[in-house]
Amino acid sequence: VIALLIITGFTLGSIANLEPVWQSTSGNSWIIGALWIFPTCAFFLNGWQAALHAIEERRSDVSPRAVVFSMVAAVFAAALFYVAITFSAASAVPWQSLVTEDLAGEAAFSALGFNGALGSIVLIAAVISLAKTWSAMAWIASRLLFAQARHGFLPRAFADVEARSGAPRLAVVFVTAATIVRLLLGRGGLLPIVDMVSICSALSMI
């Protein structure tokens, strides 16, 4: 669906809407904005390391080499996606009009016509993508608790696995409950967490 939207943005939009490419709306140098992107990408491209947390549970015919390849491929796929959706949205309407929008992608594709239907599709796709991302992050967090408990850093109960599924049930339940509580805190409670994760991810990669 997103691939079709990207093609639609390029088809119905205009490459002229990208001009000027290197202009700041705040009057500051564009270099500041470019540098700001780097720590942000540490968060946006976060998730490639999910393969490492899953490596113990991989099928016997999946080699460590294939796992590493999937991680590298995930980084390139994510980078390609963000570049494509950014250029497509900025082609749909002049990019200067999107800078102040809370949901720039939705605003860009809504402007292409069809009574704003394309913008609604963007929102639906974004919700589905968030559910996918939350699922992966919850999976990673539960396995971190499981691994720490297995090595004695957390109560042993987090290392107990369910006989039928082999999953650490208590760790999964704890992460799910903690996620729901955090969501209830709203933007004011989530943004500091996002900022902290971005900084920690960037530092850990260095």
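Everything here concerns the structure above.
Worth saying up front: this structure is predicted, and the values here are computed from it rather than measured.

### What to know about a nonpolar patch on the surface
Point 1. Together, Val21, Trp22, Trp30, Ile31, Leu35 and Phe38 give the surface a local cluster of nonpolar side chains, amounting to about 710 Å² of exposed area.
Point 2. In this structure, Leu35 sits in helix H2 (residues 30-44).
Point 3. On the basis of relative accessible area, Leu35 is assigned to the exposed category, the value being 54%.

### Let's talk about the packing of helix H1 (residues 2-12) against helix H4 (residues 64-92)
Point 1. Close contact between H1 and H4 brings their axes to 7 Å; oriented N to C, the two are set at 40°. Taken together, H1 and H4 sit at an angle that is classed as oblique. Between H1 and H4 lies a crossing of left-handed hand. Contacts between H1 and H4 involve Ile2, Leu5, Ile6, Gly9 and Phe10 from the first element and Phe81, Ala84, Ile85, Phe87, Ser88, Ser91 and Ala92 from the second.
Point 2. Of the residues that constitute the contact of H1 with H4, the class distribution is nine nonpolar, three polar and no charged.

### Description of the packing of helix H6 (residues 117-150) against helix H7 (residues 169-184)
Point 1. The geometry of H6 relative to H7 is characterised by a closest axis approach of 8 Å and an angle of 130° between their N-to-C directions. By the criterion of interaxial angle, the relationship of H6 to H7 is oblique. Of the two elements, H6 crosses H7, and the hand of that crossing is right-handed. Contacts between H6 and H7 involve Trp134, Ala138, Ala141, Ser142, Arg143 and Leu145 on the former and, on the latter, Ala171, Val172, Phe174, Val175 and Leu183.
Point 2. Each residue belonging to the contact of H6 with H7 can be placed in one class, and the counts come to nine nonpolar, one polar and one charged.

The rules behind these values
- Residues numbered from 1 in each chain as written.
- Predicted model: local features only at pLDDT ≥ 70, side-chain atom pairs only at ≥ 80, totals over all residues.
- Heavy atoms only, no water.
- Patch = residues over 30% accessible without salt bridge, like charges linked within 9 Å, V, L, I, M, F, W, Y side chains within 5 Å.
- Areas by Shrake-Rupley, 256 points an atom, 1.4 Å probe, with all protein chains shown as cover.
- Salt bridge = Lys/Arg side-chain N within 4 Å of Asp/Glu carboxyl O.
- Helix = DSSP H or I, 4+ residues; strand = E, 2+ residues; numbered from the N terminus.
- Buried < 20%, exposed > 50% of the residue type's maximum accessible area, 1.4 Å probe, protein only.
- Axes fitted to C-alpha atoms, helices over the stretch in contact; angles between N-to-C directions.
- Parallel < 35°, antiparallel > 145°, perpendicular 65-115°, else oblique.
- Left-handed = near helix turned anticlockwise from the far one by under 90°.
- Contact = heavy atoms within 4.5 Å.
- Nonpolar A, V, L, I, M, F, W, Y, C, P; charged D, E, K, R; others polar.

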